[in-house]
Amino acid sequence: MKKLFTIDDFIIALPAAVGYGFGWEIPRALGYSEWACLAICLVVGMIIETLEYKIVFSKIVQRKPAIRFTVLTVLMLIFSVFCYVATEWLGIHIVDHVLEQYMYIVVPPVAFFVFRVALRRYRILKIRKQYGDGSSGFLLDKQLEKIDIDEFNKQNQPIHGAFDKNLAVKTKTGTFVGEKYDDAFFFVGIPYAKPPVGERRWKAPEPLPESDEVFEAINFGASAVQIDYEGSLLKHHRQSEDCLTLNICIRKKKTKRKKPVLVIFHHGDFSYGSSADPLLYGGNFEKIYPDSVGVTFNYRLGIFGFIDFSEVPGGENYPDALNLGLLDQIAALRWIKENISAFGGDPEKITVMGFESGAVSISLLAVCEQARGLFQKAFIFYGNPLASHDTPESSRNLAKKLLQETSTKTMEELMRLPTERLKEVSQKLMLDLSSPTRDDKLFPVNVYDTYKKGIASDIEFLVVIPKNERQIYRSYVGDKKYESFISKEISHVLNYFDANDPAEAKIARDYLKERSAVTTELEAKGELYEQLAALSSYNFAKELADGGSKVHFLHWNVKPLIENLGSGTVDVVATLLGNREAMQMYGSVLNQDLAETLQNLFRKFQNGEKLQLFNNEIKGISAIDWKEFPKALIVSEKSFTVSTYVPPHTECDSNAN
């Protein structure tokens, strides 16, 4: 993606070469030793070159083409004048030094470029050898030999004796002693609410009391009890109902100014996922975002987080069970807002980042009164509020099936069941699990109407849709779950269109018929589902913008390394976090140029700066001026383009006609 050289590089080299030349020839003419001449040559040349770079690649110069052209022209004139002076008056052959300077400029970058290409090629061949055509999905179990499972599953313990105060941070709910790796401090497995166990099962999270106790913060808290899908490493991480913990990564413990905070919501369609996912590890976070505080956290999933017991005897005592996972998220954000300043974070500058189910969660929290003021910016990848339920019907049916599978009749009997039994039943009911519900209590049923009233206008959004996310999902959950899920969703969509928009129903069915003639019926359904999901994300961005929110829109159009593994959540998370190891684990190779550009843009988004890039920031890439919605940043493996995004339903229309 990057150019090896720009016209700026070559023109900068000319006056720099003059500096090196004069720095060598004049001291030599004065009788200095060769070592002294060399030292003076290097000092003079480097000073001139450094000053030129600061001037040419400054924002002032790069911002406008006219200024850039003027400065480069002036440098050319300076070079010409000094060449004339050197040749006519001093008899110095500057041209020889110019050639030497260009060799210095050209050879090292070319050599490094060739090395990078060879290294990337080696990594690609290695991934292709491991994954083949990718039809088996993510082969994460093969990574287990690289992981110490016992170490992975250690638990934090209270500290009663002496501890390293240089690694400790005192919060309202306790003092937590973390670990230091290189230049970063990590505090993991910090509780943010009382454990939802025993009598607190299926109850809203309760805040922790203030405490002066000291605890380890060096091991991940347990993942939420969840479905063990084929393509998830988390089935090897300990799971527990006591899962309400978070993790914090910082560059320095003490800073002069408070840093913006980035809170990452994990993915997993509300039935699986965890902050312990290697994809979310912050090993490079402090290097990429040195001026930020990074946070990941867990929340309840599946039947422990989203179920409606209102029709079960005794269910009236569990009124919050419908959306417990979202209430957990709110509790985590409250703890962060109240305590993050102890870690150097700014509680008034919190950005939330969510993928898939995490994105759906954030889109709902944006209109939730209980979450008001808990975050100011939101990065939403492949999710929108309409992916949640508009009635509790699904959650009520889930409760009925849970009773049937466990041979229970009342809440009292359900409460006595051990966690292991409930997990076993969850695995059987994986296709029936529910998700958040817009119940008109925690969230309004008509979310878009609420957006239009400006309820989320104080939040700035960055909405992202991928081109091939369905393959990512398929690789996680396996073919059986994928086929059942896609078929169920398409049936639901067609029934909705039949009742509300017969013309759209005909378009969708014609599309399925035509695509099924050239590919499989399942693939056709998958394509239609992804287009409808992308259209929903587009409409979501439009509704936000219409309601007064500042919205930037991004289309991830990067071609997957292995087609059957897709290019979506995994690639975007790893790219933004610079997680090369995890990306290789999931069957792809990090594009460093693309990563640096997106990371730079995201830092600007987080800091409230204008989303523009110039040569001084990502040298070699043409300037990017990312306009607000409806303009979109189209990202491919070779380019960044700002243009109008064409909603996916237009493709359905054209194919159907």
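Asks: Is there a simple way to explain the overall build of the protein in this structure?
Replies: Counting its secondary structure elements, the protein contains 22 helices and 19 strands. Against the compact-globule benchmark of 26 Å for 657 residues, the protein has a radius of gyration of 29 Å, which places it among compact chains. If you line up the protein on its principal axes, its C-alpha atoms span 105 × 75 × 50 Å. Looking at the protein residue by residue over its 657 residues, the buried ones come to 54%.

Asks: Please explain empty space enclosed by the protein as it appears in this structure.
Replies: One water molecule sets the probe size; rolling that probe over the atoms shows where empty space is left. In total, this model carries five cavities of 30 Å³ or more according to the counting rule given. Roughly 100 Å³ of volume is contained in the largest cavity. Along its surface, the largest cavity is lined by Phe379, Leu462, Val464, Leu554, Trp556, Val572, Leu576, Leu598, Leu601, Phe602 and Trp626. Mapped onto the lining of the largest cavity, the elements with two or more residues apiece are β14 (460-466), β15 (551-556), α19 (569-577) and α21 (592-607).

Asks: What am I meant to see in the packing of aromatic side chains here?
Replies: The geometry of two aromatic rings is summed up by the distance between their centres and the angle between their planes. With the rule as written, the count across this model stands at 27 aromatic pairs. With 4.9 Å between their ring centres and 70 degrees between their planes, Trp202 and Phe309 make a pair best called edge-to-face. Pair noted here: Trp202 is in the loop between β5 (184-191) and β6 (214-216) and Phe309 is in the loop between α8 (302-305) and α9 (324-339), with a separation of 107 residues, a long-range link. Of the two residues examined, Trp202 and Phe309, each falls in the buried class. Ring centres of Tyr538 and Phe629 lie 5.3 Å apart, and the angle between their planes is 55 degrees; this geometry places the pair in the tilted category.

Asks: I tried to follow the pairing of strand β2 (residues 168-171) on my own but got confused; where do I start?
Replies: Consecutive residues of a regular strand have side chains that alternate between opposite faces of the sheet. Of the strand pairs in this sheet, β2 and strand β3 (residues 174-177) are connected by four bridges, and their pairing is antiparallel. Of the residues in β3, the one forming a bridge with Lys170 is Thr175.

Asks: I'm lost on the sheet that holds strand β1 (residues 158-159) in this one. Help?
Replies: Sheet strands pair by backbone hydrogen bonding; their relative direction is either parallel or antiparallel. Across the sheet, four strands lie side by side as β1-β6-β3-β2; this open sheet has mixed pairing. With partners counted over all chains shown, the strands left at the sheet margins are β1 and β2, one partner each. Note that β1 and β6 share two bridges and pair antiparallel. Paired with Ile159 across the bridge in β6 is Val214.

Asks: Is there a simple way to explain the sheet that holds strand β10 (residues 259-265) in this structure?
Replies: Pairing in this open sheet of 11 strands is mixed, and the strands run β4-β5-β9-β11-β10-β12-β13-β14-β15-β18-β19 from one edge to the other. The strands lining the two open edges of the sheet, one partner per strand, are β4 (179-181) and β19 (640-644). Strand-to-strand, the axes of this sheet are offset by a mean angle of 20 degrees, without reference to chain direction. Bridging between β10 and strand β11 (residues 293-297) involves four bridges; their strand directions are parallel. Note on β11: the bridge partner recorded for Ile264 is Thr296.

Asks: Would you mind going over the pattern of salt bridges with me for this structure?
Replies: Pairing between side chains becomes possible if they bear opposite charge and their charged atoms approach one another. The tally for this structure, following the rule as stated, stands at 24 salt bridges. In this structure, Lys423 and Asp228 form a salt bridge, with 3.0 Å as the shortest nitrogen-oxygen distance. Taken together, the residues span a long stretch of sequence, with Lys423 in helix α13 (residues 419-428) and Asp228 in the loop between β7 (223-224) and β8 (239-240) at a distance of 195 residues. What makes Asp228 partly exposed here is its relative accessible area of 26%.

Asks: How should I be thinking about the confidence of the model for the protein in this particular structure?
Replies: Regions with low pLDDT should not have their predicted coordinates read in detail. In this model, the protein carries a mean pLDDT of 86, and residues with pLDDT of at least 70 account for 91%. The spread of mean pLDDT over the elements of the protein runs between helix α22 (residues 649-656), the lowest at 45, and α9, the highest at 97. In the predicted structure, residues 650-657 sits below a pLDDT of 50 and forms 12 contacts with residues beyond four places in sequence or in another chain.

Asks: Can you help me understand the pairing of strand β18 (residues 631-635) in this one?
Replies: Among the five residues of β18, four are classified as buried, and the element is accordingly described as predominantly covered. Judged from the four bridges that link them, β15 and β18 form a sheet pairing that is parallel. Note that in β18 the partner of Leu554 across the bridge is Leu633. Both β18 and β19 contribute to a ladder of five bridges, which runs antiparallel. Within the sheet, the bridge partner assigned to Ala632 lies in β19 and is Ser643.

Asks: Got a minute to help me understand the environment of Leu398 in this structure?
Replies: Here Leu398 is to be found in helix α11 (residues 393-406). Taking the C-alpha atoms as reference points, Leu398 and Phe176, 222 residues apart in sequence, are found 39 Å from one another. Ignoring anything within four residues of it in the chain, the contact list for Leu398 reads Ile303, Phe306, Ile307, Leu429, Asp432, Leu433 and Ser434.

Asks: What is the right way to look at the packing of helix α17 (residues 502-518) against helix α18 (residues 521-546) in this model?
Replies: When two helices pack together, their arrangement is given by the angle between their axes and by how far apart the axes lie. Running from N to C, α17 and α18 point in directions that differ by 140 degrees, and their axes come no closer than 8 Å. The pairing of α17 with α18 is recorded here as oblique in orientation. Taken as a pair, α17 and α18 cross one another with a handedness that is right-handed. Seen from α17, the contacting residues are Ala508, Tyr511, Leu512, Arg515 and Ser516; seen from α18, they are Glu521, Ala524, Lys525, Glu527, Leu528 and Gln531. A class-by-class count of the residues in the contact of α17 with α18 yields five nonpolar, two polar and four charged.

Asks: For this particular structure, what's the right way to read helix α10 (residues 357-365)?
Replies: Every α-helix carries 3.6 residues per turn, so stepping three or four residues along brings you back to the same face. With respect to burial, α10 is a largely interior element, nine of its nine residues being buried. Regarding α10, the residues found buried are Ser357, Gly358, Ala359, Val360, Ser361, Ile362, Ser363, Leu364 and Leu365. Check the buried side of α10 and you find it contacts β10, α9, β12 (345-355), β13 (377-381), α14 (447-452) and α18.

Each value, and the rule that gives it
- Per-chain numbering applies: the sequence of each chain, read as written, is numbered from 1 onward.
- Since the coordinates come from a predicted model, pLDDT governs what is reported: local features require at least 70, and pairs of side-chain atoms require 80 or more to be given and counted, while whole-chain, interface and lining totals use all residues.
- Calculation of side-chain values draws on the structure's entire complement of heavy atoms; hydrogens and water are dropped beforehand.
- To qualify as a helix, a DSSP run of H or I must reach at least 4 residues; to qualify as a strand, a run of E must reach at least 2; elements of each kind are numbered from the N terminus.
- Radius of gyration means the value over C-alpha atoms here, while the globule rule gives 2.2 Å times the residue count to the 0.38 power.
- When accessible area is computed with a 1.4 Å probe and restricted to protein chains, residues below 20% of their type maximum are described as buried, those above 50% as exposed, and intermediate ones as partly exposed.
- Grid points spaced at 1 Å and placed over the protein atoms alone form the basis of the search, with a cavity being a set where a 1.4 Å probe fits but cannot get out and a pocket an open set showing protein on both sides within 12 Å along at least five of seven lines. Lining residues have an atom within 4 Å of a point.
- Grid points are joined across faces, edges and corners, and a volume is the space filled by probe spheres set on the points.
- We call Phe, Tyr and Trp rings a pair once their centres come within 6.5 Å, taking the six-membered ring for Trp, and we label the pair stacked below 30 degrees between planes, edge-to-face above 60, and tilted otherwise.
- Two strands pair if DSSP finds at least two bridges between them.
- As a rule, the C-alpha atoms of each element are fitted with a line to give its axis, helices using only the stretch in contact, and angles between N-to-C directions run from 0 to 180 degrees.
- The salt bridge criterion pairs a side-chain nitrogen of Lys or Arg with a carboxyl oxygen of Asp or Glu, the two atoms within 4 Å.
- Per-residue confidence from the predictor is given as pLDDT, running between 0 and 100.
- Throughout, a residue-residue contact means that at least one pair of heavy atoms, one from each residue, lies within 4.5 Å.
- Should an angle fall under 35 degrees it is called roughly parallel, over 145 degrees roughly antiparallel, and 65 to 115 degrees roughly perpendicular, with every other angle called oblique.
- What makes a crossing left-handed is the near helix being turned counterclockwise from the far one by less than a right angle; a clockwise turn instead makes it right-handed.
- Amino acids outside the nonpolar list (Ala, Val, Leu, Ile, Met, Phe, Trp, Tyr, Cys, Pro) and the charged list (Asp, Glu, Lys, Arg) are all regarded as polar, and Gly is one of them.

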